[in-house]
Amino acid sequence: MRLREGVAIDLGTVNTLVCVTGRGTVVDEASAIALDRASGRVAAVGHAADALAGKEPQNIEVIHPLRDGVIADLDAAAAMLQAFLRKAQLRRGRLRASAVVCVPGGATWVERRSLEAVVGAIRPRCEVRLIDEPVAAAAGAGFDLADGSGAFIVDIGGGTTQAAVMAGGQLVRAQSLRLGGNAMDEAIMNTVRAELGLLIGRNAARNLKTTLGLAGGEGTPGWVEAVGVDAARRTPRVERVQGKLVAGALEHTVAAMITTVEEMLSDIPPNLAEDVVRGKIRLAGGGALLPGLASRIESATGIPVVVVDDPLRCVIRGAAAVIERGDGLVPTQVA
Ligand SMILES: Nc1ncnc2c1ncn2[C@@H]1O[C@H](COP(=O)(O)OP(=O)(O)OP(=O)(O)O)[C@@H](O)[C@H]1O
Ligand SMILES: [Mg+2]
């Protein structure tokens, strides 16, 4: 098997990862860029930029260039990716060999083109190939894409939830919801405001989500302290947020995800049913780590559900494997 040089890029709504063959993951950053309002210069990228988000620094604008898994701000996305690729210290001409960029299964032609355009603008002579994220996720989850067996994978990211049934590296059924971890954060922020009169930021909401989730927080007293601003008095306040409140806030988003999985299961070709049940439903993406989600999907579907190893890196791992194998896996689209 020939080892080809190449770069894999997972430009996600919340996190961007870059992997170079032979060197592994060289960038694992927040998808954020901070620009100086006066000069337009890049003040920070990645985690450093994201850390400023919502804190309203007077001279800095923080941009998250992706929304729902696709590019919402082309210029900001290009500047951010350029900074990341500089950080990756690619050898000159290396990106030209082959770049594989992950794209959400449900992306439109225009959205796909804009991803290609961003990478193409940074490395004009680069050969850019797109790979559907569920295909990469299945490879990253350890499914052998070369044999014909079936796989069911659900990638729950920050802006999208993508469920796919695959056979032999080809998508058989795929559905993409423009809903993910960000929607969960927003639901928690809204519920805490409505029920407790407390305005909390995204980081506090994320902490409630990752600690309590749907399970109410095993190993915790069933609540977590959150610090925010009292909605009436506009002064900082500390509040105990109960697990039940957080689980209730997440219900709508989780129900939509489960409906998607159920719809796909109800449409599965009979010849793939055994592979799917025996291979289990694999959860990837950061949302897979939501406490209580795997068991919730398992009890709704009656099919075993497992979270893949290191789910936040599953897509990039799979994309890198596809380059390394050099098996010419072509981007696949399902209507
Ligand atoms: N332990 C956890 N519990 C619940 N959610 C988590 C946990 N850890 C991370 N997340 C969430 O996972 C999301 C990020 O996951 P990921 O990096 O897979 O998304 P992405 O690839 O950037 O987004 P997308 O694929 O939708 O474009 C965020 O919403 C984050 O809050
Ligand atoms: Mg993703």
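Cut-offs and rules
Residues numbered from 1 in each chain as written. Chains lettered and ligands numbered in written order. Predicted model: local features only at pLDDT ≥ 70, side-chain atom pairs only at ≥ 80, totals over all residues. Heavy atoms only, no water. Core = buried A, V, L, I, M, F, W, Y, C linked by side-chain atoms within 4.5 Å. Buried < 20%, exposed > 50% of the residue type's maximum accessible area, 1.4 Å probe, protein only. Helix = DSSP H or I, 4+ residues; strand = E, 2+ residues; numbered from the N terminus. Domains from an automatic or database assignment. Contact = heavy atoms within 4.5 Å. Pairing = 2+ DSSP bridges. Right-handed = clockwise from strand over helix to strand, strands pointing away. Near = heavy atom within 4 Å. Polar contact = N/O pair within 3.5 Å; in protein donor to acceptor, adjacent residues only side chain to side chain. Areas by Shrake-Rupley, 256 points an atom, 1.4 Å probe, with all protein chains shown as cover. Nonpolar A, V, L, I, M, F, W, Y, C, P; charged D, E, K, R; others polar. Phe/Tyr/Trp six-rings, centres within 6.5 Å; stacked < 30°, edge-to-face > 60°. Lys NZ or Arg CZ within 6 Å of the ring centre and 35° of its normal. Buried area = accessible area lost by both parts, 1.4 Å probe. Salt bridge = Lys/Arg side-chain N within 4 Å of Asp/Glu carboxyl O. Axes fitted to C-alpha atoms, helices over the stretch in contact; angles between N-to-C directions.

Here we take up the nonpolar core. One finds Phe152, Ile188, Leu208 and Ile281 to be the most contacted residues of the largest nonpolar core, which totals 39 residues. Broken down by element, this core gets its largest block of residues, 10 residues, from helix H8 (residues 243-265). Mapping this core onto the domain boundaries places at least three of its residues in each of domain 2 (147-179 + 251-308) and domain 3 (181-249). Those residues in contact with Leu208 that sit more than four places away from it in its chain are Ile188, Val192, Ile200, Gly213, Val224, Ala226, Val241 and Val246. Counting 31 residues, the second largest nonpolar core, distinct from the first, contains Val27, Val101, Val103 and Leu130.

Regular strands place their side chains on alternate faces of the sheet. Among the 5 residues of strand S9 (residues 99-103), 5 are classified as buried, and the element is accordingly described as predominantly covered. As defined by bridge partners, strand S1 (residues 7-11) adjoins S9 across 3 bridges and the pair is classed as parallel. Residue Val7 lies in a different strand from S9, and its bridge partner there is Ala99. Where S9 meets strand S10 (residues 128-132), 5 bridges bridge the pair, whose relative direction is parallel. Bridge pairing links Val100 to Arg129 in S10. Read as a crossover between parallel neighbours, the route from S9 over helix H4 (residues 109-122) to S10 is right-handed.

Another aspect to go through is the site of ligand 1. The full set close to ligand 1 counts 21 residues, and Thr13, Val14, Asn15, Thr160 and Lys209 are the nearest of them. One of the backbone N or O atoms of Gly287 is found 3.4 Å from an oxygen atom in ligand 1. Burial of ligand 1 by the surrounding chains reaches 90%, relative to a free accessible area of 660 Å². Sorting the residues of the shell around ligand 1 by element identifies helix H6 (181-196) and helix H7 (202-212) as the ones contributing at least two each. Per-element tally for the shell around ligand 1: the top contributor is H7, with 3 residues. Looking at the shell around ligand 1 residue by residue, the classes come out as 4 nonpolar, 14 polar and 3 charged.

What follows covers the packing of aromatic side chains. If you walk through the whole model with that rule in mind, you get 0 aromatic pairs. Here Arg240 stacks its cationic end above the ring of Trp223, 3.9 Å away from the centre of that ring.

When the domains of the protein are assigned, the result is domain 1 (7-135 + 315-325), domain 2 (147-179 + 251-308) and domain 3 (181-249). Here the C-alpha centre of domain 3 lies 27 Å away from the C-alpha centre of domain 2. With 13 residues of domain 2 in contact, the opposing surface of domain 3 contributes 14 residues. When the area that domain 2 buries against domain 3 is broken down by residue, the three leading residues are Glu251, Leu290 and Pro291, summing to 48%. On inspection of domain 2 and its partner domain 3, the count reaches 0 salt bridges. At the junction of domain 2 with domain 3, the criterion picks out 8 residue pairs in polar contact (both at pLDDT 80 or more). Secondary structure elements with two or more residues in the side of domain 2 that touches domain 3: H8 and helix H10 (293-301). By residue number, the principal contributor to the side of domain 2 that touches domain 3 is H8, which donates 5 residues. Tallied by class, residues from the side of domain 2 that touches domain 3 come to 6 nonpolar, 5 polar and 2 charged.

Time to look at the sheet that holds strand S4 (residues 33-36). What the 3 strands build is an open sheet, ordered S5-S4-S6; its pairing is antiparallel. Among the strands making up the open sheet, the edge pair consists of strand S5 (42-45) and strand S6 (60-63). On average, each strand axis in the sheet is inclined to that of its neighbour by 20°, with strand direction left out of account. Relative to S5, S4 is paired through 3 bridges, and the arrangement is antiparallel. Residue pairing for S5: Ala34 is matched across the bridge by Ala44.

Now for the pattern of salt bridges. Tallied over the entire structure, the rule returns 15 salt bridges. Notably, a salt bridge pairs Glu111 with Arg178, separated by 2.9 Å at the nearest N-O pair. Placement of Glu111 in helix H4 and of Arg178 in the loop between strand S13 (170-177) and H6 is noted, with a sequence separation of 67 residues between them. Here Arg178 falls in the partly exposed class, since its relative accessible area comes to 39%. Residue Arg173 is joined to Asp267 by a salt bridge in which the shortest nitrogen-to-oxygen separation is 2.8 Å. Of this pair, Arg173 sits in strand S13 while Asp267 sits in the loop between H8 and helix H9 (270-279); the two residues are 94 residues apart in sequence, bridging distant segments of the chain. In the salt-bridge network here, residues are joined through shared partners; they are Asp185, Glu186, Arg202, Arg206 and Lys209.

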